[in-house]
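# Coordinates in review
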Amino acid sequence: MENLLNNAWHGDEPNAWKPPASCVLAIRRSVVRRAAFMPRIVGHVLAAINHDGSIVTGSMSPGDWARVLLTFLMPYTVSTIRRFSPFLNKDAWSPP
């Protein structure tokens, strides 16, 4: 994992653009696979809690559907960030 971070920031050419390490880590297959699992559980629970009345009665507006989409996107985002944040902030944390 550390080599991946170093490769994201250092290139052979001094002025070559490299994607930020967070982007490189966020698109790794293992991160995407695990992060995609979370909305299946948490997203359904949150959507049921927040929008159950509108879904059951069929009175969902396009704005309501956009909020449901964000309800599923949030667990994905949190899971993705949680998966790689320890590698990006390894100097910020020290054991007691």
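These notes cover the structure that comes with them. What you see is a predicted model, and the numbers here were worked out from it, not measured in a lab.

The rules behind these values
Residues numbered from 1 in each chain as written. Predicted model: local features only at pLDDT ≥ 70, side-chain atom pairs only at ≥ 80, totals over all residues. Heavy atoms only, no water. Helix = DSSP H or I, 4+ residues; strand = E, 2+ residues; numbered from the N terminus. Buried < 20%, exposed > 50% of the residue type's maximum accessible area, 1.4 Å probe, protein only. Contact = heavy atoms within 4.5 Å. Bend = angle between axes of the 7 residues up to and from the residue. Salt bridge = Lys/Arg side-chain N within 4 Å of Asp/Glu carboxyl O. Patch = residues over 30% accessible without salt bridge, like charges linked within 9 Å, V, L, I, M, F, W, Y side chains within 5 Å. Areas by Shrake-Rupley, 256 points an atom, 1.4 Å probe, with all protein chains shown as cover. Polar contact = N/O pair within 3.5 Å; in protein donor to acceptor, adjacent residues only side chain to side chain. 1 Å grid on protein atoms, 1.4 Å probe; cavity = no way out; pocket = protein on both sides within 12 Å on 5 of 7 lines; lining within 4 Å. Points joined across faces, edges and corners; volume = space filled by probe spheres on them.

Each helix and strand counted, the protein has four helices and zero strands in total. Secondary structure of the protein in N-to-C order comes out as α-α-α-α. Out of the 96 residues belonging to the protein, those deemed buried represent 21%. Put simply, of all contacts in the protein between residues at least 6 apart along the chain, 62% involve residues at least 24 apart.

Another aspect to go through is helix 3 (residues 29–57). Of all the bends in helix 3, the largest measures some 80 degrees and sits at histidine 51. Here helix 3 has its buried residues at Val31, Ala35, Pro39, Gly43, Ala47 and His51. Taken from the residues just after helix 3, glycine 58 is the one with a positive phi, measuring 75 degrees.

On inspection of all chains with the given rule, the structure shows one salt bridge. Between arginine 67 and aspartate 64 there is a salt bridge, with the nearest N and O atoms lying 2.5 Å from each other. Linking arginine 67 with aspartate 64, this pair stays in helix 4 (residues 62–88), spanning three residues, or about one helical turn. The class of arginine 67 is partly exposed, set by a relative accessible area of 45%. We classify aspartate 64 as buried; its relative accessible area is 14%.

A few words now on the environment of arginine 83. Tracing the backbone shows arginine 83 in helix 4. Spatially, the C-alpha atom of arginine 83 lies 8.9 Å from that of leucine 25, the residues being 58 residues apart in sequence. Here arginine 83 is in contact with Ser30, Val31 and Arg34, once residues within four sequence places are set aside.

Once that is clear, we can look at a nonpolar patch on the surface. Together, Phe37, Ile41, Val45, Leu46 and Ile49 make up an exposed nonpolar region whose accessible area comes to about 450 Å². Position of isoleucine 49 relative to the elements: it lies in helix 3.

Bringing the side chain of threonine 71 into the picture now. Looking at the secondary structure, you find threonine 71 in helix 4. When its relative accessible area of 10% is taken as the criterion, threonine 71 is described as buried. From its side chain, threonine 71 meets the backbone oxygen of arginine 67 in a polar contact 2.7 Å long. Ignoring sequence-local partners within four residues, the contact set of threonine 71 consists of Gly43, Leu46, Ala47 and His51.

Put simply, the largest pocket is a space of about 170 Å³. Only helix 3 and helix 4 provide two or more residues apiece to the lining of the largest pocket. Top contributing element to the lining of the largest pocket by residue count: helix 4, with five residues.

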